[in-house]
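Chain and residue survey
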Amino acid sequence: MTASALEAADLSHRFAGDPAAAPALDGVSLRLAAGESLCVVGPSGSGKSTLLACVLGLLRPQAGDVCLDGVSLGAMDPAQRRAFRRSVQPVFQDPASSLAPRMRVRQALAEPLIIQSIGDRGDRGDRRQRIERALGAVHLGTELLERFPHQLSGGQQQRVAIARALIVEPRFLVADEPTSALDTVVAMHIGRLLAELVERLGLGLIVVTHDGLLPTHLRAPVARMHAGKLVEHLDADAWLARTRALWSPMNDADESREADRPSGRAIANQDATSERG
């Protein structure tokens, strides 16, 4: 059986405005199979978010195509587009704003099932089991089901957002800066969770990120964008080596400053001497 694949082929797009400005996308192509992950990195304005919008079907590119299993998104009929939206699920940057503030966690997770007509309306037990499985997949307990988003931590909010994407059993997740609103430790845990889901569920995962450490947590290859183009591809080991090389001069400088810094006892002695003088 051929593995499911999500493909962007030669995407180009220029937003209205200055015709002399660089295009947001300029001939970008990538292919991701189920069970694979890819991090797209680059500075602000490099085209990452535009690429993500095209892959999700939220923006129609002026040239090129997005295909799922060889079927063009632009040629899909309404039923196929509905199936596409179920198969390719987004995870947005800020979980606090992507979750409706007046919906309890239970309602937020049930909503995609209702929209996609998943689970028998007469069998509430089926939907309840799906909700509980989705929470379990992101390592959250059912005690959170009756809470509102503001009653959750940032990490819990992002886990609920991921569970909301998982509950319709997609084949691909497309995540926009999923750790940017989180502190470093929580971001590491979310990165490792995403890596676990790819391995355990066989999902395909595309992540747009500014976080240079996230690809290392995901153990994912990296595509680097600049001025609307994909300019470099690196495997996970090459990206890790580059990240270490960037950080090592700073670490050396920190160690040097630490070695030159007087000890706490020496500082105390200096203070005591000046007081006696």
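See above for the structure.
Here is a short report on the structure shown in this document.

Reading the values: rules and limits
Residues numbered from 1 in each chain as written. Predicted model: local features only at pLDDT ≥ 70, side-chain atom pairs only at ≥ 80, totals over all residues. Heavy atoms only, no water. Helix = DSSP H or I, 4+ residues; strand = E, 2+ residues; numbered from the N terminus. Buried < 20%, exposed > 50% of the residue type's maximum accessible area, 1.4 Å probe, protein only. Contact = heavy atoms within 4.5 Å. Areas by Shrake-Rupley, 256 points an atom, 1.4 Å probe, with all protein chains shown as cover. Axes fitted to C-alpha atoms, helices over the stretch in contact; angles between N-to-C directions. Parallel < 35°, antiparallel > 145°, perpendicular 65-115°, else oblique. Left-handed = near helix turned anticlockwise from the far one by under 90°. Nonpolar A, V, L, I, M, F, W, Y, C, P; charged D, E, K, R; others polar. Salt bridge = Lys/Arg side-chain N within 4 Å of Asp/Glu carboxyl O.

This part is about the overall build of the chain. Helix and strand content of the chain: ten helices and ten strands. Counting all 277 residues of the chain, 42% fall into the buried class. Put simply, 71% of the contacts in the chain that link residues at least 6 apart link residues at least 24 apart. Of the roughly 14,900 Å² that the chain leaves accessible, carbon and sulfur atoms contribute 51%.

At a minimum axis distance of 8 Å, the contact between helix α4 (residues 105-115) and helix α6 (residues 154-166) shows a crossing angle of 25°. With respect to α6, the axis of α4 lies roughly parallel. In terms of crossing hand, the pair formed by α4 and α6 is right-handed. Contact residues: α4 offers Val-105, Ala-108, Leu-109, Glu-111 and Pro-112, while α6 offers Val-160, Ala-163 and Arg-164. Considering only residue class, the contact of α4 with α6 consists of six nonpolar, no polar and two charged.

What follows deals with the pattern of salt bridges. Applying the stated criterion to the full structure yields eleven salt bridges. Taking the shortest distance from any N to any O, the salt bridge between Asp-69 and Arg-171 comes out at 2.5 Å. With Asp-69 in the loop between β4 (63-68) and β5 (71-72) and Arg-171 in the loop between α6 and β7 (172-176), this pair connects stretches of sequence that are 102 residues apart. Notably, a salt bridge pairs Arg-242 with Glu-232, separated by 2.7 Å at the nearest N-O pair. Taken together, the positions of Arg-242 in helix α9 (residues 236-260) and Glu-232 in strand β10 (residues 229-234) put the pair ten residues apart, joining distant regions of the chain. A relative accessible area of 19% means that Glu-232 is categorised as buried. By sharing partners, the salt bridges in this structure join Arg-86, Asp-126, Arg-130 and Glu-169 into a single network.

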